[in-house]
Amino acid sequence: MTRPATLDPLGGITPRPRGGLTTGAEYDLAPLGGAGPDWVRTHGPQLRERLAADGLILLHGLSAEGDGIDGFHDVVGAVGGELLRYTERSTPRSAVRGNIYTSTDYPADQFIPMHNESSYAASWPSMVCFYCHTAPGTGGATPIADSAVVLGLIPAEVRERFAKGVVYTRTFRAEMGLSWQEAFQTEDRTDVEQHCRARGQEFHWDGDVLHTRHHRPATAVDPGTGAEVWFNQAHLFHLSSLEPELRDVLLETYGEDGLPRNALLGNGSPIPDADLAAVRAAYDRASLALPWRQGDIMLVGNMRMAHGREPFTGERRILVAMT
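Residues numbered from 1 in each chain as written. Predicted model: local features only at pLDDT ≥ 70, side-chain atom pairs only at ≥ 80, totals over all residues. Heavy atoms only, no water.

Caption draft 1: Seen up close, the pattern of salt bridges. Per the stated rule, a full pass over the model turns up eleven salt bridges. D38 is the salt-bridge partner of R41, the closest N and O atoms lying 2.4 Å from each other. Remark: D38 and R41 occur in helix α1 (residues 36-42); sequence separation between them is three residues, near one turn of the helix. Through salt bridges with shared partners, a single ionic network connects R16, R18, E26 and R293. (Salt bridge = Lys/Arg side-chain N within 4 Å of Asp/Glu carboxyl O. Helix = DSSP H or I, 4+ residues; strand = E, 2+ residues; numbered from the N terminus.)

Structure follows, in structure tokens:
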């Protein structure tokens, strides 16, 4: 069930509602001028409470010095605490500074499907924050979808097939997808093996190629609301996420057991393509896409809200930090 965002005034600023099935609140801090950063620091705990309840906050018109990155770091820290390193990676990103990264480095013409950050892993960030350093020429929104709403939109028979969770399989090789060195941010195999054992992941080596397999639930309970949410990346990992031509090439070259990544039902059986089409349709229906304006900061509760990326033109540069 959709819950409206908290719209009570905070520190003299009355937020505006945004959205439909997925809702959030926008705080226009432009009238505060140079006092905007102090407002965020002062009201960081209240913003954190509202983010836990609402899942999405957009800060617009926040004044910034220089390239704005240090200011972004301060905002994230004031609301969410210490910034996290990006580990057990599934997509390429570039480090900027102070545990701030570029958003996923995929070509501009590609759509990045909705997902909750690291929901395939044993641990994940509670908050994902985006900073619009350079607004795109056209497109390029970061759409958001309420994960509780998405769960409710998925047909009951599909949810039932996911009742035992999701099995994720990954193959890390330098020439296709991410190498294990990039994914785990280490050159030491022992570090990788310890990471996998600590998280219950099966693994084996084939020369310098690493294969992993692990099981995760398909849903979770959002601690901010107590609501059950759809919380997995089966639709991203699964073969059906690939263009048919690329899918055929990968299968012919590596076989199903050697794919860069794939997803199975919790009992190890294949996931029907039609089930994942239903999941994607639920995300599309729940989607809220707000256009970026330079300097915008979007705070997203990672369990409550999924996020993605629309194709774009221009020099779009969106930075991300997690807590």
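Read on, since the account is not over.
Caption draft 2: Looking closely at the pairing of strand β15 (residues 261-265). Burial within β15 is extensive, with four of its five residues counted as buried. Of the strand pairs in this sheet, strand β10 (residues 166-172) and β15 are connected by five bridges, and their pairing is antiparallel. Along β15, the bridge assignment pairs R170 with R261. (Buried < 20%, exposed > 50% of the residue type's maximum accessible area, 1.4 Å probe, protein only. Pairing = 2+ DSSP bridges.)

Caption draft 3: View of the layout of surface pockets. Space inside the largest pocket adds up to approximately 1000 Å³. Lining the largest pocket are 38 residues, with Y106, L236, S241, L242 and R261 sitting closest to its centre. Every element with two or more residues in the lining of the largest pocket is listed here: β6 (112-115), β10, α8 (234-237), α9 (244-254) and α10 (273-286). Per-element tally for the lining of the largest pocket: the top contributor is β6, with four residues. (1 Å grid on protein atoms, 1.4 Å probe; cavity = no way out; pocket = protein on both sides within 12 Å on 5 of 7 lines; lining within 4 Å. Points joined across faces, edges and corners; volume = space filled by probe spheres on them.)

Caption draft 4: Geometry of the packing of helix α2 (residues 44-54) against helix α3 (residues 69-80). One way to put it is that α2 packs onto α3 with a least axis distance of 7 Å and a crossing angle of 70°. Taken together, α2 and α3 sit at an angle that is classed as roughly perpendicular. Between α2, through G44, P45, L47 and R48, and α3, the contact on the second element is made entirely by A78, V79 and G80. The class makeup of the residues in the contact of α2 with α3 is four nonpolar, two polar and one charged. (Axes fitted to C-alpha atoms, helices over the stretch in contact; angles between N-to-C directions. Parallel < 35°, antiparallel > 145°, perpendicular 65-115°, else oblique. Contact = heavy atoms within 4.5 Å. Nonpolar A, V, L, I, M, F, W, Y, C, P; charged D, E, K, R; others polar.)

Caption draft 5: Local environment of unusual backbone geometry. In this structure, N99 takes a positive phi of about 60° despite not being glycine. Relative to the elements of secondary structure, N99 occurs in the loop between β4 (95-97) and β5 (100-102). For Q185, which is not glycine, the phi torsion reads 55° and is therefore positive. Inspection of the secondary structure puts Q185 in the loop between α6 (180-184) and α7 (189-198).

Caption draft 6: The packing of aromatic side chains, seen in detail. Considering all chains together, one arrives at ten aromatic pairs under this definition. Seen from their ring centres, Y120 and F237 are 5.3 Å apart, and the 50° between their planes marks the pair as tilted. With Y120 in the loop between β6 and β7 (127-134) and F237 in helix α8, the pair connects residues that are 117 residues apart, well separated along the chain. Accessibility classification places Y120 together with F237 in one group, the buried group. Taking the centre distance of 5.3 Å and the plane angle of 80° together, the rings of W180 and W205 count as edge-to-face. Here W205 lies in strand β11 (residues 202-206) and W180 lies in helix α6, a separation of 25 residues in the sequence. Given the relative accessible area of 3%, W180 is considered buried. (Phe/Tyr/Trp six-rings, centres within 6.5 Å; stacked < 30°, edge-to-face > 60°.)

Caption draft 7: Focus on the side chain of R316. With respect to the helices and strands, the residue R316 is situated in the loop between β18 (312-313) and β19 (317-322). Exposure remark for R316: the relative accessible area of 12% places this residue in the buried category. Here the side chain of R316 touches T142 through a polar contact of 3.2 Å, side chain to side chain. Beyond its immediate sequence surroundings of up to four residues, R316 is in contact with S103, T134, A135, P136, G140, A141, T142, W292 and R309. (Polar contact = N/O pair within 3.5 Å; in protein donor to acceptor, adjacent residues only side chain to side chain.)

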